[in-house]
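Residue-level listing of the chains:
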Amino acid sequence: MAGDLPLERRRRQRFLAKDGCLVSLGNDPIKPWQILDISEEGLSFRYIGGADEPKGVSELDILTGDTALCIERIPVRLVSDLIMSPPVAPRYPLNRCSVKFGSLSEDQMDRLMSFIRDYTARTPALPPT
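Because the structure is a prediction, the values reported are computed rather than measured.

A.B. asks: Give me the nonpolar core: which residues, what numbers.
C.D. replies: Residues Phe-45, Ile-62, Phe-101 and Phe-115 are the most contacted members of the largest nonpolar core, which totals 26 residues. Of all elements in the fold, only strand S1 (14–17), strand S2 (22–25), strand S3 (28–38), strand S4 (42–48), strand S5 (59–63), strand S6 (70–83), strand S7 (94–101) and helix H1 (106–118) reach the threshold of two or more residues within this core. For Phe-45, the contacting residues outside a window of four places in its chain are Val-23, Leu-25, Trp-33, Gln-34, Ile-35, Leu-36, Pro-54, Asn-95, Arg-96, Cys-97 and Val-99.

This is the structure in structure tokens:
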């Protein structure tokens, strides 16, 4: 039934990030996590659940695998943090974290658009609503 489907709030298409594209959380820049998908309004990434949960994250950096592009100090708000199923191993569950971008500077927005153009798959991950 249509009432059983989750509410889709995205207004922009999300695109699958290419392998090697990472996000580094502002509170722990040493541990980068894999970007799953991205749009002009936000992104999702996966990480190993447990002690390293991004509950208090307020900004992040986006990095490309070839180190050609880095977008630093992007303000974000946590939207969801869910366990992905099935876990790789019970000891190392993977989580999918989704964040919404805050106000970006003109330079950050230009770099974000370059990232979406050059470092994502050409097929949208999810359609807009």
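A.B. asks: I'd like a rundown of the pattern of salt bridges, residues and numbers included.
C.D. replies: Going through the model one piece at a time under the given rule, you end up with five salt bridges. The residue Arg-73 makes a salt bridge to Glu-59 at a minimum N-O spacing of 3.5 Å. You can see Arg-73 sitting in strand S6 and its partner Glu-59 sitting in strand S5, a full 14 residues away along the chain. Overall, the relative accessible area of 23% leaves Glu-59 in the partly exposed class. Overlapping salt bridges bring together Arg-14, Asp-37 and Arg-96 as one network.

The rules we used
In this numbering scheme, every chain counts its residues from 1 along its sequence in written order. Per-residue local features of the predicted model are confined to residues with pLDDT of at least 70, and side-chain atom pairs are confined, for both listing and counting, to 80 or more; whole-chain, interface and lining totals are unaffected and use all residues. Note: side-chain values were computed over all heavy atoms of the structure, leaving out hydrogens and water. Here, nonpolar core refers to any group of buried Ala, Val, Leu, Ile, Met, Phe, Trp, Tyr and Cys residues whose side-chain atoms link them within 4.5 Å. Type-normalised accessible area, obtained with a 1.4 Å probe on protein chains alone, sets the label of each residue: buried when under 20%, exposed when over 50%, and partly exposed for intermediate values. The helix and strand labels rest on DSSP assignments: H or I over at least four residues marks a helix, E over at least two residues marks a strand, and numbering proceeds from the N terminus. In what follows, a contact means two residues having at least one pair of non-hydrogen atoms within 4.5 Å. We define a salt bridge as a contact between a side-chain nitrogen of Lys or Arg and a carboxyl oxygen of Asp or Glu at a distance within 4 Å.

In short, shape yes, function no, at least from these values alone.
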